[in-house]
Amino acid sequence: MLIDNKIKKLLTILRSRRLAAVFIILIAAFLVLSTLIPQWNWEESGGYFYLHASYPYLTKLISFLGIDHVYTTWWFLSIVLIFSFNIALNSYERIKIVIKQLGDYRPMSSQEIAGLKIHETIPVNNNGDEFKEKITHTLKRKGYRIKAYADGFVASKHTMGLLGIPLLHLSMLIILTGVLITGLTFFKGHIELSEGQLFPIGEPNFLGSSYGFLHVKPQLDFQIRLKSFHVTYWDKDHPRLYKSIVEVYKNGTPLFSKDVEMNKPLRLEGFSFYQTNYYGYSAYFGLVDKATGYETTGYVNFPYKKNTMGVLTQQFNIPILGYLSILSVDVSNPDRLSIEILESDKTLHYNNIKNGDVISLGDFELVFHNMVKWTGFYVSRDYGVPVVFTGFVLLALSILSFVFIIPKRLWLAYEDKRLFIGAKSYSRLTTENTYKQEMEEMEEIEEECES
Amino acid sequence: MKEEIILYWIAVSLYGFGSIFAIIGFVFKKERLTHIALLLCAIGLVPHGASILIRWIRVGHGPYINMYEVISSNTWVAMLFYLLVQKRLTFLKQASFVVIPVIFLALGFGLMASARDIPLPPSLRSYWLVLHVLFAKLTVGSFLIAFGSAVLYLYKDNDKHKQLLPHQSLDKLDIAIYRFNALGFAFCVIMIIAGSIWANNAWGRYWGFDPVETWSLVVWLAYGLFLHLRLNRNWVGRRSALLTIVLFFLSIVAFFFIPYLFKTVHSEYLVR
């Protein structure tokens, strides 16, 4: 009994609407705070050094409280969790009320109608039936659904508008659930592809990746090949389009080809590949075993540089041989490379090379095939997206419905040559004006019947 | 370029005169002057719209890349929205002494902002972005009308003035404050949703805690709080009007000043 009471008391506090207001203020305040303190890289920011020099205890306090990573702190997540409970409990209560209101078609006596906040009494000297019939016809024309009784009727319109606020709360819960799913199961990675390169999609091949707490590492059996990459400019400072033409392979068989652009990602088995604005030159080499003729090929990507001017350099280790190679390319003539090959500190080879040139390195030959372009792609998988977007649609619909759709219900009873007309207010927004047009039309009909 | 600037200045001048007439009309209770103010603003919409259109054709994209374009188009939408609304809800004509000067001042701010021609970057080529921007403009327009109604409400609620403006109903203004805040709340959420879908298509994430994103969410939560307090705690009348004024300033800071204060995705082109 005592435990029951305590649970009831806890539930009462949890579903308190005052508490909801407090949580909205708290969440908004912490969101604002999170924009004032750089999140996740606070200790590398200029603000940190400035503040730390003058108030070291303040910076320690900020780090200790987690204000430099608000969204992942236990206290912020707890606030969101309790707020979610609050919304859920309120929704439950409100849905019960709405179900009751939706079915509220019981007839009312004239005394009950006269007791309603919005009501009017019209004396009818003429035939009451004719009056009722005309009113019924008018209300039907205005979109009301009529449920008739012996001495009156109930007319309803837009009752679905009652669902607006419960739907709003429900949609917020759906969005929060989607965000939770994202947080637990997301995968984000980054790849760089050179023209002609076939890329097996899988964990070891991502340049960088991050996972949600419950994410299972991707095991994929398809590959993508970058057929070509194109970048066009409006003028020298303003890119117009980044486009990659990619081919998708499964078990070595090409499946389809697709143009991937910004805002037009490639979607594949739950994964999405997004075109980035990173690109650069990539030197395509082959290392041929002189004895067997077997060739191993690979790409050396030069650093990304927008509107590249001048010379770009890149170092790489030649596989098998382990020699260090330093490449330089003049971007005004990207098909010519300057190459230096070093063994320890000793220069083995230094020359300019062009497409198809071969450098002999003992038992192997290094072949420079050609210069191509590389570009970057973000890769992501997020099971939360469809849930969040479903919540978004419901949220927009619910807000529009409670702003624009005003549920209306009128009661009419005939007694002693008087018509009692009353209306219920389902929210604080219903005023006498809400039913003004209906009331005026009824008076007009009454005058018409009289004449 | 020259025609665009000339048309913009003609619009600024008409709105400027409109502001003067609206304020004098309100202070001296001359309804005729208020009508002249509204007429001047309606005329001003033509050169203002033409200026936006000329720029649109020249730069090859809608008015949503830099702050000048954003302010110019936001004020055009807000003015059109207000003029249409006051036609139907005639009691809001009196709010012109707030709405028109705010639009006029915003245009002045737009003149100081960056107006460089920036061609459309690849990341902004999206229909979702167009929706995002359109609803941002409608949001600002709705909040502005709610703000104007709130200032008028507080003025009328003063006992001294209740006698002077008997033809206007405080209840009507109170409902207008609620309705335009609620409308702005609905537009704001559609703006956030469209932006979120666009971000997901462009970068693979629907939320990035970008400062402008975060502040827009704060604005939405704050207006949500307004509705919550109104529907559940009966915050109507003066309290509702005062809160509306605070919220309007919050929304202006969030939408127009945060891009200047923080490095964000939104400030990349807006304030350059």
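Basis of the calculations
Along each chain, numbering runs from 1 in the same order as the chain's sequence is written. Chain letters and ligand numbers both follow the written order, the letters beginning at A and the numbers at 1. Local features are withheld for residues below a pLDDT of 70 in this predicted model, meaning they are given only at 70 or higher, and side-chain atom pairs are given and counted only at 80 or more; totals for whole chains, interfaces and linings count all residues. Values reported for side chains reflect all heavy atoms of the structure, with hydrogen atoms and water molecules removed beforehand. Helix and strand assignments come from DSSP, with helices taken as H or I runs of at least 4 residues and strands as E runs of at least 2, each series counted from the N terminus. It is over C-alpha atoms that the radius of gyration is taken, and the globule rule equals 2.2 Å times the number of residues to the power 0.38. Accessible area is worked out with a 1.4 Å probe on protein chains only. A residue is then buried under 20% of its type maximum, exposed over 50%, and partly exposed in between. We call two residues contacting when some pair of their heavy atoms lies within 4.5 Å. Two rings belonging to Phe, Tyr or Trp (six-membered ring only in the last case) form a pair when the distance between their centres is within 6.5 Å. Interplanar angles under 30 degrees mark stacking, angles over 60 mark edge-to-face geometry, and anything in between is tilted. Strands are treated as partners if at least two bridges between them are detected by DSSP. All axes are obtained by fitting lines to C-alpha atoms, using only the stretch in contact for helices, and the reported angles, taken between N-to-C directions, cover 0 to 180 degrees. Whenever a nitrogen or oxygen atom comes within 3.5 Å of another N or O atom, the pair is scored as a polar contact, on the condition that within protein one atom can donate a hydrogen and the other can accept it, and that pairs from neighbouring residues in sequence are kept only if both atoms are in side chains. An automatic or database domain assignment supplies the start and end points of every domain. Two parts placed together each lose some accessible area under a 1.4 Å probe, and the buried area is that loss summed for both. Salt bridge, as used here: a side-chain nitrogen of Lys or Arg that lies within 4 Å of a carboxyl oxygen of Asp or Glu. What we call a nonpolar core is a set of buried Ala, Val, Leu, Ile, Met, Phe, Trp, Tyr and Cys residues that are connected through their side-chain atoms within 4.5 Å. The pLDDT score gives, residue by residue, the confidence of the prediction method on a 0 to 100 scale. Our angle categories are set so that under 35 degrees counts as roughly parallel, over 145 as roughly antiparallel, 65 to 115 as roughly perpendicular, and the remainder as oblique. When residues are grouped by polarity, Ala, Val, Leu, Ile, Met, Phe, Trp, Tyr, Cys and Pro land in nonpolar, Asp, Glu, Lys and Arg in charged, and all others, Gly among them, in polar.

*Asks:* Just checking my understanding: could you explain the overall build of chain A for this structure?
*Replies:* Secondary structure summary: chain A contains 10 helices and 20 strands in total. The C-alpha atoms of chain A give a radius of gyration of 36 Å, which is well past the 22 Å a tight globule of 451 residues would have. For chain A, the C-alpha atoms occupy an extent of roughly 115 × 55 × 45 Å along the three principal directions. Evaluated residue by residue, chain A yields a buried proportion of 45% over its 451 residues. Taking contacts inside chain A between residues at least 6 apart in sequence as the whole, the part at least 24 apart equals 61%.

*Asks:* What is the right way to look at the packing of aromatic side chains in this model?
*Replies:* Remark: the centre distance and the inter-plane angle together describe each pair of aromatic rings, the angle taken between the planes. Applying the stated criterion across every chain, the model contains 27 aromatic pairs over all chains. Judged by centre distance (6.3 Å) and plane angle (75°), the rings of B:Phe81 and B:Phe180 are edge-to-face. Residue B:Phe81 is located in helix 3 (residues 67–88), and its partner B:Phe180 is located in helix 7 (residues 170–203); the two are separated by 99 residues in the primary sequence. The class for B:Phe81 is buried, based on a relative accessible area of 16%. Given the relative accessible area of 7%, B:Phe180 is considered buried. Of the aromatic side chains, those joined through ring pairs into one cluster are A:Tyr71, A:Phe76, B:Trp207 and B:Phe209.

*Asks:* Which parts of the structure should I look at to understand the sheet that holds strand 20 (residues 418–423) of chain A?
*Replies:* Paired through backbone hydrogen bonds, the strands of a sheet run either parallel or antiparallel to each other. Residues and elements named next belong to chain A. Strand order in the open sheet formed by 5 strands is 1-20-19-3-2, and the pairing between neighbours is antiparallel. At either end of the open sheet lies a strand with only one pairing partner, and these are strand 1 (118–123) and strand 2 (145–149). The mean angle between the axes of side-by-side strands here comes to 15°, regardless of whether they run parallel or antiparallel. The sheet contact formed by strand 3 (residues 152–157) and strand 19 (residues 408–415) spans 6 bridges and is antiparallel. The residue bridging Ala 155 from the neighbouring strand is Leu 410, located in strand 19.

*Asks:* Which parts of the structure should I look at to understand the sheet that holds strand 8 (residues 238–250) of chain A?
*Replies:* Residues and elements named next belong to chain A. What the 4 strands build is an open sheet, ordered 5-7-8-9; its pairing is antiparallel. Strands at the two margins of the open sheet, each flanked by one partner only, are strand 5 (198–200) and strand 9 (253–261). Sheet twist, expressed as the average angle between the axes of neighbouring strands with direction ignored, equals 30°. Sheet topology note: the strand 7 (residues 222–235)/strand 8 ladder contains 12 bridges and is antiparallel. Bridge assignment links Arg 225 to a residue of strand 8, and that residue is Glu 247.

*Asks:* Honestly, the environment of A:Arg409 in this entry has me stumped. Any pointers?
*Replies:* Residue and element names in this part refer to chain A. Structurally, the position occupied by Arg 409 is in strand 19. Its relative accessible area of 0% is what places Arg 409 among the buried residues. Along the backbone, Arg 409 and Asn 317 are 92 residues apart, and their C-alpha atoms lie at a distance of 80 Å. A polar contact is formed between the side chain of Arg 409 and the side chain of Ser 156, at a distance of 2.9 Å.

*Asks:* What exactly am I supposed to notice about the domain arrangement of chain A here?
*Replies:* In many reports, interface size means the accessible area that the parts give up when they come together. Entries for chain A in the domain assignment read domain 1 (2–99), domain 2 (105–155 + 406–450) and domain 3 (187–381). The C-alpha centroid of domain 2 of chain A is placed 49 Å from the C-alpha centroid of domain 1 of chain A.

*Asks:* Just to check I follow, could you spell out the domain arrangement of chain B for this structure?
*Replies:* Residues and elements named next belong to chain B. With domains assigned, chain B is organised as domain 1 (1–120) and domain 2 (123–272). Placing a centre on the C-alpha atoms of domain 1 and another on those of domain 2 gives a separation of 19 Å. On the side of domain 2, 36 residues touch domain 1, which itself brings 32 residues to the contact. Both sides together, the interface formed by domain 1 and domain 2 hides about 2,900 Å², and carbon and sulfur atoms give 79% of it.

*Asks:* Before we go on, may I ask you to explain the interface of chain B and chain A in this structure?
*Replies:* Counting residues at the interface gives 47 residues for chain B, matched by 52 residues for chain A. In total, chain B and chain A occlude about 4,400 Å² of area from one another, counting both sides; carbon and sulfur atoms represent 69% of this. Summed over the three residues of chain B that lose the most area to chain A, namely B:Pro122, B:Tyr206 and B:Leu231, the buried surface amounts to 15% of that side. Counting the contacts that link chain B with chain A gives 0 salt bridges. Taken together, chain B and chain A are joined by 12 residue pairs in polar contact (both at pLDDT 80 or more). Elements supplying a minimum of two residues to the side of chain B that touches chain A: helix 7 and helix 8 (211–232) of chain B.

*Asks:* Is there a simple way to explain the pattern of salt bridges in this structure?
*Replies:* Proximity of charged atoms lets side chains of opposite charge pair with each other. Inspection of the entire model under this criterion finds 17 salt bridges over all chains. The partner of A:Glu93 in a salt bridge is A:Lys96, with the nearest N and O atoms 3.9 Å apart. Linking A:Glu93 with A:Lys96, this pair stays in helix 5 (residues 74–102), spanning 3 residues, or about one helical turn. We classify A:Lys96 as partly exposed; its relative accessible area is 43%. Measuring nitrogen to oxygen at the nearest pair gives 3.2 Å for the salt bridge that ties B:Glu4 to B:Arg55. In this pair, B:Glu4 is assigned in helix 1 (residues 2–27) and B:Arg55 in helix 2 (residues 31–59), connecting sequence segments 51 residues apart. The residues B:Glu4 and B:Arg55 share a single accessibility class, namely buried.

*Asks:* What exactly am I supposed to notice about the nonpolar core here?
*Replies:* Among soluble globular proteins, nonpolar side chains are generally buried collectively. Counting residues in hydrophobic clusters, the biggest one holds 123 residues, and the most contacted among them are A:Ile399, B:Phe180 and B:Trp220. At 18 residues, helix 7 of chain B tops the list of elements feeding residues into this core. Ignoring any residue separated from it by four or fewer positions in sequence, one finds A:Ile399 in contact with A:Leu168, B:Ala182, B:Phe185, B:Ala186, B:Val189 and B:Trp220. With 23 residues, the next largest nonpolar core counts A:Leu193, A:Phe222, A:Val246 and A:Val248 among its residues.

*Asks:* Hey, could you run me through the environment of A:Trp374 in this one?
*Replies:* All names here are of chain A. Mapped onto the elements, Trp 374 comes out in strand 18 (residues 364–381). In sequence terms Trp 374 and Ser 244 are 130 residues apart; their C-alpha atoms lie 9.7 Å from each other. Beyond its immediate sequence surroundings of up to four residues, Trp 374 is in contact with Glu 192, Leu 193, Ser 194, Tyr 278, Tyr 279, Gly 280, Tyr 281, Ser 282, Asn 301, Phe 302, Pro 303 and Tyr 304. Of the polar contacts made by the side chain of Trp 374, one reaches the backbone oxygen of Tyr 281; its length is 3.4 Å. A distance of 2.8 Å separates a polar side-chain atom of Trp 374 from the backbone oxygen of Phe 302.

*Asks:* What is the right way to look at the confidence of the model for chain B in this model?
*Replies:* A low pLDDT means the predicted coordinates there should not be read in detail. Predicted confidence across chain B gives a mean pLDDT of 90, with 95% of residues reaching 70 or more. For chain B, the element scoring lowest by mean pLDDT is helix 6 (residues 159–162) of chain B, at 61; helix 2 of chain B scores highest, at 95.

*Asks:* Honestly, the packing of helix 8 of chain B against helix 9 (residues 238–261) of chain B in this entry has me stumped. Any pointers?
*Replies:* Between two packed helices, both the angle of their axes relative to each other and the distance between the axes serve to describe the pair. Residue and element names in this part refer to chain B. Relative orientation of the contacting elements helix 8 and helix 9 amounts to 170°, with a least axis distance of 9 Å. Put simply, helix 8 runs roughly antiparallel to helix 9. For the pair formed by helix 8 and helix 9, the contact residues are Pro 211, Val 212, Trp 215, Ser 216, Val 218, Val 219, Ala 222, Tyr 223, Phe 226, Leu 229 and Arg 230 on the first element and Ser 240, Leu 243, Thr 244, Leu 247, Phe 248, Leu 250, Ser 251, Val 253, Ala 254, Phe 255, Ile 258 and Pro 259 on the second. Grouping the amino acids of the contact of helix 8 with helix 9 by side-chain chemistry returns 18 nonpolar, 4 polar and 1 charged.

*Asks:* Would you mind going over the pairing of strand 18 of chain A with me for this structure?
*Replies:* Consecutive residues of a regular strand have side chains that alternate between opposite faces of the sheet. Residue and element names in this part refer to chain A. Burial analysis of strand 18 places 13 of its 18 residues in the buried class, the great majority of the element. With 8 bridges connecting them, strand 4 (residues 187–194) and strand 18 associate as antiparallel partners. From the neighbouring strand, His 190 faces strand 18, where its bridge partner is Tyr 378. The sheet contact formed by strand 11 (residues 271–289) and strand 18 spans 15 bridges and is antiparallel. Considered in strand 18, the bridge of Tyr 279 is made with Thr 375. What sits between strand 17 (residues 358–361) and strand 18 in their antiparallel hairpin is a turn of 2 residues, with Gly 362 showing a positive phi close to 65°.

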